[in-house]
Amino acid sequence: MTLANVLATANKRASALGIDVAESLLTITQRMANDVMIWRINYGPKEYINQRGGDLIVDVAAYSGEVEQVLWGQ
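Let me sum up the structure you'll find in this document. (Residues numbered from 1 in each chain as written. Predicted model: local features only at pLDDT ≥ 70, side-chain atom pairs only at ≥ 80, totals over all residues. Heavy atoms only, no water.)

**Digging into the overall build of the chain**
The helix and strand inventory of the chain stands at 1 helix and 4 strands. Taken over 74 residues, the chain has a buried fraction of 28%. Partitioning the contacts of the chain with sequence separation of at least 6, the portion at a separation of at least 24 is 33%. In the structure as shown, the chain presents an accessible area of about 4,900 Å², 51% of it carried by carbon and sulfur atoms. (Helix = DSSP H or I, 4+ residues; strand = E, 2+ residues; numbered from the N terminus. Buried < 20%, exposed > 50% of the residue type's maximum accessible area, 1.4 Å probe, protein only. Contact = heavy atoms within 4.5 Å. Areas by Shrake-Rupley, 256 points an atom, 1.4 Å probe, with all protein chains shown as cover.)

Here it is in structure tokens:
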């Protein structure tokens, strides 16, 4: 899958969990886990100074396009 499709999948999951995607600061990283390429999309607040936690992390498998895991920051 292309990164655009992976991002669309992650955005759909984030929106379903109540995250305002347009008001989030996104960071994207790539890693390998058990021979599967994973894209990790992190949704954090744009105004992050003096604020801890609350980030949402969505891992999406690059080839299948399936959400592998969803993590909430503390």
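The structure having been displayed, the exposition proceeds.
**Notes on the nonpolar core**
Within the largest apolar cluster, 13 residues are counted, with the highest numbers of intra-cluster contacts made by Ala10, Ala14, Trp39, Ile41, Tyr43, Leu56 and Val58. Elements that contribute at least two residues to this core include exactly α1 (3-16), β2 (36-45) and β3 (56-61). With 4 residues, β2 is the single largest residue contributor to this core. (Core = buried A, V, L, I, M, F, W, Y, C linked by side-chain atoms within 4.5 Å.)

**A few points about unusual backbone geometry**
Negative phi is the rule for most residues except glycine; trans is the rule for most peptide bonds. A positive phi angle, near 55°, is found at Asn34, a position not held by glycine. As for its position among the elements, Asn34 is in the loop between β1 (24-33) and β2. Of note in this structure, Asp35 is not a glycine but carries a positive phi near 65°. By relative accessible area, Asp35 is classed as exposed at 75%.

Note that every value here comes from positions in space, so none of it alone points to a role or purpose.
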